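Analysis of the macromolecular model
These are the residues of each chain, in order.
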2 protein chains.
Amino acid sequence: MTARRIPEATVARLPQYLQALVEAADAGRRTVSSEDLARASGLTSAKVRKDLSFLGSYGTRGVGYAVEELTTEISTVLGLTDDRPVVIVGIGNLGRALASYDGFSRRGFRVEALVDADPTKIGTQVGDHVVQPAAQLPDLVRDRGITIAVLATPAGRAQAVAAEVVAAGVTAILNFAPVHLDVPEHVSVRTVDLSTELQILSFYEQLGQVSAAAS
Amino acid sequence: MTARRIPEATVARLPQYLQALVEAADAGRRTVSSEDLARASGLTSAKVRKDLSFLGSYGTRGVGYAVEELTTEISTVLGLTDDRPVVIVGIGNLGRALASYDGFSRRGFRVEALVDADPTKIGTQVGDHVVQPAAQLPDLVRDRGITIAVLATPAGRAQAVAAEVVAAGVTAILNFAPVHLDVPEHVSVRTVDLSTELQILSFYEQLGQVSAAAS
DNA sequence: CTTTGTGAAATCCTTCACAGCG
DNA sequence: CGCTGTGAAGGATTTCACAAAG
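Fair warning: this is a prediction, and the values are worked out from it, not measured in the lab.

1. Observations regarding the sheet that holds strand S7 (residues 148-151) of chain B
- Taken in spatial order, the seven strands of this open sheet run S5-S6-S4-S3-S7-S8-S9 (chain B), and their pairing is mixed. Strands with a single pairing partner mark the edges of an open sheet, and in this sheet they are strand S5 (125-126) and strand S9 (188-191) of chain B.

This is the structure:
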């Protein structure tokens, strides 16, 4: 029974299961229980089972899930069966780090090109790539079939760059600029703001201090 | 009516409001409506109002929220009234980028020290800091009153480092390693996994393609 | 006897819609 | 009249608890 609609919350957890499955495979395991997956991801086994039930992928009662089968299933659902080409726009500190980050390549993505607007950066070598001028962006995206863009530009440039990559055919954006991006409905955006993350932590940290003081 | 318990989902949005308020202030605005904040953050005005109502902070009917007052209120709730010292552990590509990232300092955090286990990195200069040996970690955390650690170590080291910083007194961890960290209950963890973000995007991107093909 | 798969209950979050205040 | 603040309704997500399968 493949493919009911998969809830958003479940989708967000599938990568973690994938991660846990790869580890299990590396450890030589052929099956894992929902309890195993739960422990590896810091969740509850009931949640794991519910999530996996949306895939329609079957475990075996009394045994668990076949590691290899479930890995394939999740990879397929996530669209990771072939490497997906990615362009990184904005080669500052963060862009450079992302360009050299091997986690992307090891998990289904291929950094295909680096782009920056700053003339002094163009032509410089970063990792395996030469930084290309922003004017090349539309051609690059079209010619190489790129559908995913990673934006590490200054906040002030992000919206304009987003519009540009979308016009060129990108349909998914991972945005590191601390701004909300307005994009057409068919485009997905995820914004990762490092300061935001710290600020959220700050709240809970303070909360702990307060309640500890109160007790 | 200050301080009912603030829902998790609301807490996660407060930094965005803060961001929007700073922009409004820079633009010379003295008040903003929930509709303004909604537009700036890509949310609905009803959600903004509900969120802000949890702070107990009052807007003025017919007018909106006083920019300065609300900024102070949110900063206080998030515990950002003073700069908080942060240690970055793991000075690889990503750690280096984070160390030089000025967004942290501009939004309430102060990078206080950089630490790495690799002897060849120790003593090297990164931004304003000299990389210190991992053995110094407990002393650094204690002596400088550090309560927040940013982990950019290899996945295999993250859990051990987490245990170490927690033992030294850290109560909040921003984790960039793609692993679940087990920590005591009084410690908050947020894990940001860049590949995970791309994988989630990949799902929705594929979904769009499929449903476009079907139509 | 173990572990999945899932209805039903409980909880959390969002949206609606409007009373009420300035 | 404009915009906030909020009950109430509606959805989504999580948890519970257990029947069913190997």
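2. Here we look at the pairing of strand S4 (residues 109-116) of chain A
All names here are of chain A.
- Across the eight residues that make up S4, a large majority, seven, are buried.
- Relative to strand S6 (residues 129-133), S4 is paired through three bridges, and the arrangement is parallel. Opposite Leu114, over in S6, you have Val131 as the bridge partner.

3. A word on the interface of chain A and chain B
- Each side of the interface is counted separately: chain A has 58 residues, and chain B has 58 residues.
- At the boundary of chain A with chain B, total buried surface from both sides reaches about 5200 Å², with 62% on carbon and sulfur atoms.
- Counting the surface chain A buries against chain B, the share from its top three residues, Leu198, Gln199 and Leu201 of chain A, is 14%.
- Taken together, the links from chain A to chain B amount to six salt bridges.

4. Let's talk about the protein's contact with DNA strand C
- Taken together, 25 residues lie near DNA strand C, and Ser34, Arg49, Gly59 and Tyr65 of chain A together with Arg13 of chain B sit nearest.
- Here, DNA strand C places atoms within 4 Å of the protein, and 62% of those atoms are sugar or phosphate.
- Contact between DNA strand C and Tyr65 of chain A: a phosphate oxygen at 2.9 Å from a side-chain N or O atom of the residue.
- The contact in question runs from a phosphate oxygen of DNA strand C to an N or O atom on the side chain of Arg13 of chain B, over 2.8 Å.

5. Quick notes on the relation of the copies chain A and chain B
- Rotating chain A by 180° and translating it 0.0 Å along the rotation axis places it on chain B, where the RMSD comes to 0.1 Å. Here the two chains are linked by the operation of a two-fold rotation axis. In terms of proximity to the rotation axis, the leading residue of chain A is Ala97 of chain A, whose C-alpha is 3.1 Å off the axis.

6. Quick word on the side chain of Ser75 of chain A
- Within the fold, Ser75 of chain A resides in helix H4 (residues 67-78).
- Aside from chain neighbours lying at most four places away, what touches Ser75 of chain A is Leu18, Leu80 and Thr81 of chain A.

7. Concerning the packing of helix H2 (residues 34-41) of chain B against helix H3 (residues 45-55) of chain B
All names here are of chain B.
- Put simply, H2 and H3 touch, their axes get as near as 8 Å, and they point 110° apart. Our classification of the angle between H2 and H3 gives roughly perpendicular. Contacts from Ser34, Glu35, Leu37 and Ala38 of H2 reach H3 at Ser45, Val48, Arg49 and Leu52.
- Split into classes, the residues belonging to the contact of H2 with H3 amount to four nonpolar, two polar and two charged.

8. Topic: the UniProt feature "binding site: NAD(+)" (unreviewed entry) in chain A
Residue and element names in this part refer to chain A.
- As recorded in UniProt, the sites labelled "binding site: NAD(+)" (unreviewed entry) are Gly90, Ile91, Gly92, Asn93, Leu94 and Gly95.
- Tracing the backbone through its elements, the reader meets Gly90 in the loop between strand S3 (84-89) and helix H5 (93-100).
- Ignoring any residue separated from it by four or fewer positions in sequence, one finds Gly90 in contact with Gly95, Val115, Asp116, Ala152 and Thr153.
- With respect to the secondary-structure elements, Ile91 resides in the loop between S3 and H5.
- Looking at Ile91, the relative accessible area reads 1%, which means it is buried.
- Those residues in contact with Ile91 that lie beyond four places of it in its chain are Arg96, Leu114, Val115, Asp116, Lys121, Val126 and Val131.

9. Quick word on the domain arrangement of chain A
- By domain assignment, chain A separates into domain 1 (8-78) and domain 2 (84-196).
- Just the C-alpha atoms count here: the centres of domain 1 of chain A and domain 2 of chain A sit 31 Å apart.

Cut-offs and rules
- Residues numbered from 1 in each chain as written.
- Chains lettered and ligands numbered in written order.
- Predicted model: local features only at pLDDT ≥ 70, side-chain atom pairs only at ≥ 80, totals over all residues.
- Heavy atoms only, no water.
- Pairing = 2+ DSSP bridges.
- Helix = DSSP H or I, 4+ residues; strand = E, 2+ residues; numbered from the N terminus.
- Buried < 20%, exposed > 50% of the residue type's maximum accessible area, 1.4 Å probe, protein only.
- Contact = heavy atoms within 4.5 Å.
- Buried area = accessible area lost by both parts, 1.4 Å probe.
- Salt bridge = Lys/Arg side-chain N within 4 Å of Asp/Glu carboxyl O.
- Near = heavy atom within 4 Å.
- Polar contact = N/O pair within 3.5 Å; in protein donor to acceptor, adjacent residues only side chain to side chain.
- Least-squares fit on C-alpha atoms with pLDDT ≥ 70 in both.
- Axes fitted to C-alpha atoms, helices over the stretch in contact; angles between N-to-C directions.
- Parallel < 35°, antiparallel > 145°, perpendicular 65-115°, else oblique.
- Nonpolar A, V, L, I, M, F, W, Y, C, P; charged D, E, K, R; others polar.
- UniProt positions renumbered as here; feature names shortened; annotations may be inferred.
- Domains from an automatic or database assignment.

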